[in-house]
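Working through the structure, step by step
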Amino acid sequence: MQYLWAFLVGGGICIIGQLLFDVAKLTPAHTMSLLVVLGAVLDGLGLYEPLINFAGAGATVPITSFGNALVHGALTELRKDGWIGVLTGIFEVTSAGISAAIIFSFLAALVVKPKG
């Protein structure tokens, strides 16, 4: 049953993104930013963690989970270290994902011929 909920929740998030493309005519950058902010706001309100517990990978794989990770790390470190923890928490939680994106993008650029 968990696979079904993961599929439905992840698919729902993707439908929201697709509607932002097609109906609202937003650019990919605007859509991605909006979904990251949506994940951040949901985590700030305490709603994203129950969604992760309910849907598993359906909530952790889409881009909204990056906003969740940013806010979750900042709030956790804020409670632990005070206001300086807001900055350190953001980088502590998301540094692996950002590093992987940079490294794999560089390796992909070595394999294919970039147009830019």
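Keep in mind that this is a model prediction, so the values were computed, not measured.

What counts and what doesn't
Residues numbered from 1 in each chain as written. Predicted model: local features only at pLDDT ≥ 70, side-chain atom pairs only at ≥ 80, totals over all residues. Heavy atoms only, no water. pLDDT = per-residue confidence, 0-100. Helix = DSSP H or I, 4+ residues; strand = E, 2+ residues; numbered from the N terminus. Core = buried A, V, L, I, M, F, W, Y, C linked by side-chain atoms within 4.5 Å. Buried < 20%, exposed > 50% of the residue type's maximum accessible area, 1.4 Å probe, protein only. Contact = heavy atoms within 4.5 Å. Expected span 1.5 Å × (residues − 1). Bend = angle between axes of the 7 residues up to and from the residue. Axes fitted to C-alpha atoms, helices over the stretch in contact; angles between N-to-C directions. Parallel < 35°, antiparallel > 145°, perpendicular 65-115°, else oblique. Left-handed = near helix turned anticlockwise from the far one by under 90°. Nonpolar A, V, L, I, M, F, W, Y, C, P; charged D, E, K, R; others polar. Salt bridge = Lys/Arg side-chain N within 4 Å of Asp/Glu carboxyl O.

For the chain, the mean per-residue pLDDT works out to 88, and 99% of the residues sit at or above 70. Summarising per-element confidence for the chain, the mean pLDDT is lowest in helix α6 (residues 84–111) (83) and highest in helix α1 (residues 2–22) (93).

Moving on, we come to the nonpolar core. Counting six residues, the largest nonpolar core is built from Val-9, Ile-13, Tyr-48, Ile-52, Ala-55 and Ala-59. Only α1 and α3 (48–55) provide two or more residues apiece to this core. The element contributing the most residues to this core is α3, with three residues.

Let us look at the side chain of Asn-68. By the secondary structure assignment, Asn-68 is in helix α5 (residues 64–81). Exposure remark for Asn-68: the relative accessible area of 7% places this residue in the buried category. Leave out the neighbours within four places in its chain, and Asn-68 touches Gly-39, Ala-40, Asp-43, Tyr-48, Glu-49 and Ile-52.

Next up on the list: α6. Because an α-helix packs 3.6 residues into every turn, residues spaced three or four apart end up facing the same way. Between the first and last C-alpha of α6 there are 40 Å, a value that for 28 residues agrees with the 40 Å anticipated at 1.5 Å per step. Residue Thr-94 marks the point of greatest curvature in α6, where the axis turns by about 55°. Buried within α6 are the following residues: Gly-85, Gly-89 and Thr-94. The inward-facing, buried residues of α6 abut α5.

Viewed as axis vectors pointing N to C, α3 and α5 meet at an angle of 130°, and their least axial separation amounts to 11 Å. Taken as axis vectors, α3 and α5 run oblique relative to one another. Handedness of the crossing formed by α3 with α5: left-handed. Here Tyr-48, Glu-49 and Ile-52 of α3 lie close against α5, whose contacting residues are Thr-64, Ser-65, Asn-68 and His-72. Looking at the contact of α3 with α5 residue by residue, the class counts come to two nonpolar, four polar and one charged.

Tallying each qualifying case throughout the model produces one salt bridge. The partner of Lys-80 in a salt bridge is Glu-77, with the nearest N and O atoms 3.9 Å apart. Residue Lys-80 and its partner Glu-77 are located together in helix α5, separated by three residues, close to a single helical turn. Taking the relative accessible area as the measure of exposure, Glu-77 reaches 7% and is therefore buried.

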